[in-house]
Amino acid sequence: MTSAGTAGSASPIGERKSDHLDIVLRPSLPSARLSTGFEAVRFEHVALPEIDFAAIDLSRPFLSRRLAAPVLISSMTGGPQRAGRINRHLAEAAQALGIALGVGSQRIALEGRGDAGLGPELRRLAPDVPILANIGGAQLVSGYGEAEARRAVDMIEADALIVHLNPLQEAVQPEGDRDWRGVLAAIEALARVLGVPLVAKEVGAGLSGPVARRLLDAGVGVLDVAGAGGTSWAAVEAERHADPVRRAIALAFSDWGVPTAQAIACVRAACPGATIIGSGGVRNGVDAAKAIRLGADLVGQAAGGLAAADASAEAAHAHFSGFIEELRVACFCTGSADLAALSGAALIP
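Residues numbered from 1 in each chain as written. Predicted model: local features only at pLDDT ≥ 70, side-chain atom pairs only at ≥ 80, totals over all residues. Heavy atoms only, no water.

Taken as a whole, the second largest pocket holds about 300 Å³ of empty space. When residues of the lining of the second largest pocket are traced back to their parent elements, those giving at least two are helix 7 (183-193) and helix 8 (209-217). Residues that form the lining of the second largest pocket fall into these classes: nine nonpolar, two polar and two charged. (1 Å grid on protein atoms, 1.4 Å probe; cavity = no way out; pocket = protein on both sides within 12 Å on 5 of 7 lines; lining within 4 Å. Points joined across faces, edges and corners; volume = space filled by probe spheres on them. Helix = DSSP H or I, 4+ residues; strand = E, 2+ residues; numbered from the N terminus. Nonpolar A, V, L, I, M, F, W, Y, C, P; charged D, E, K, R; others polar.)

Listed below in C-alpha cells is the structure:
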C-alpha cells in the first residue's frame, strides 16, 4: 500500500480525482457511443390509473433501513477539499429526502491525504439513511485487506462497503492497476469477516449475468450493475492522456460494455433473489422507472446530479427531489400504487 502522506497534502491520486471531476462537469461530457437501452423500453400509458397520486408508496427497505424512495446517490468526487464540499451537500440532500448515499473511493482518506469529507461529520449530517463506504477491487490485491476495509466503514459509520470494479478504466489509465489476479478470492475472504454487506459495483461498463452470479456466490450482498451508456470512463481517461497513441487506445473503448437496461435484465435473470441497483446513464425518474420494471430494486445516479451537488446542498436537494417526482409521475401513469406494481407494469411490445 502507498505510504501515507500529510493530511490534506497534494497527491497524484488527489490530482487525478480532481481531473476526473473537471472532465465530467464539462458541457461536452464524455459519453459512451452506445445507448443505455432505456429508449427501447416503453410503458403502456394508463389513462385510468384509479389511484391517488399523493398516496403512491415509493418506499423500500435497504440495508436494514427504509428508504423514502428507491434512490442511491452514487457520488463521483474529486480531490480532497472539493470532494469534502460535495459529500456534505449530498449527505444533507440524502437525509432530507430519505434516500441512500454512496461515497466515492476512500483511497485518499485511507492513505492519510485528507479525509475528503469522509469523516464522522458525514454520518452526523445523514443520521437516518444508508451510507455506503467505497474501496477499489484492485486495491484488495495490492496491499488493502480487512483492516483497510474496516477503516473505510468505520470512518463514516457506513451500513455497507462498495467494492468497485473498474478493469477497463484501470487498463487505459496512465496510472492504472492492471494486475487483477485474485480479486474475487479477496472479495470472498472479505465478505466472510467484515460484518457489513458488500456491494459489488461496476463503474460504467456493466455487470454481466455470469459475473454477477460469481460475486453473489462469493458472499456479495448487493449488486450494482453500473451499465454502459452513461459516463464513459474510457473517454474520461482519454481526456487525460497527452500521448495521442494512448488517447486513441482509450477512445477505442468508449463504446465498450453491457448497456444498462440489458445488464439489469441479465443480472436479475442470473440472480433472481439478489438486491440489484440499476445505475449507469440513469438520466431521470422515467429511466429509474424503467430500471425498476426491468428488475432493479433501486436506482443509482452519479454524473446526472454532480453539477447540482458541486453547487450547494439546496441544488442537490432540488435535483434529486425532481428525480423522485418524475418517478412518481411514471408510477401514476402506469397505474402503479407502489414499486411492486411498477415492477409488473405493462410495456408496449
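Right, let's get into the confidence of the model for the protein chain. Of the residues in the protein chain, 89% have a pLDDT of 70 or more, and the chain-wide mean is 91. This model gives residues 1-10 a pLDDT under 50, and the stretch forms 26 contacts once residues within four places in sequence are excluded. (pLDDT = per-residue confidence, 0-100. Contact = heavy atoms within 4.5 Å.)

Our focus in this paragraph is the nonpolar core. Across soluble globular proteins, nonpolar side chains show a tendency to be buried alongside one another. Ile99, Ile156, Leu161, Ile187, Leu223 and Leu342 are the most contacted members of the largest nonpolar core, which has 77 residues in total. Leave out the neighbours within four places in its chain, and Leu223 touches Ala200, Leu207, Ala212, Leu215, Leu216, Val267, Cys271, Ala274, Thr275, Ile276 and Ile277. (Core = buried A, V, L, I, M, F, W, Y, C linked by side-chain atoms within 4.5 Å. Buried < 20%, exposed > 50% of the residue type's maximum accessible area, 1.4 Å probe, protein only.)

Bringing the UniProt feature "binding site: Mg(2+)" (unreviewed entry) in the protein chain into the picture now. Taking the numbering used here, the UniProt-annotated feature "binding site: Mg(2+)" (unreviewed entry) corresponds to Glu170. Relative to the helices and strands, Glu170 resides in helix 6 (residues 167-172). Excluding its chain neighbours within four sequence positions, the residues that come into contact with Glu170 are Gly176, Asp177, Arg178 and Trp180. (UniProt positions renumbered as here; feature names shortened; annotations may be inferred.)

So, about helix 12 (residues 285-294). Residue pairs three or four apart in sequence face the same way in an α-helix, which turns once every 3.6 residues. Most of helix 12 is tucked away, with seven of its ten residues classed as buried. Within helix 12, burial applies to Gly285, Asp287, Ala288, Ala289, Lys290, Ala291 and Ile292. The inward-facing, buried residues of helix 12 abut helix 11 (260-270), strand 10 (298-301), helix 14 (313-332) and helix 15 (339-342). One side-chain oxygen at the N-terminal end of helix 12 lies 3.1 Å from the backbone nitrogen of Val286; it belongs to Asn284. (Polar contact = N/O pair within 3.5 Å; in protein donor to acceptor, adjacent residues only side chain to side chain.)

What follows covers the side chain of Asp224. Relative to the helices and strands, Asp224 resides in strand 8 (residues 222-224). Take Asp224: its relative accessible area is 1%, and that puts it in the buried class. In this structure the side chain of Asp224 is engaged in a polar contact, spanning 2.5 Å, whose partner is the side chain of Ser279. Setting aside residues no more than four positions away along its own chain, Asp224 makes contact with Leu72, Ser74, Val199, Ala200, Lys201, Glu202, Leu207, Ile277 and Ser279.

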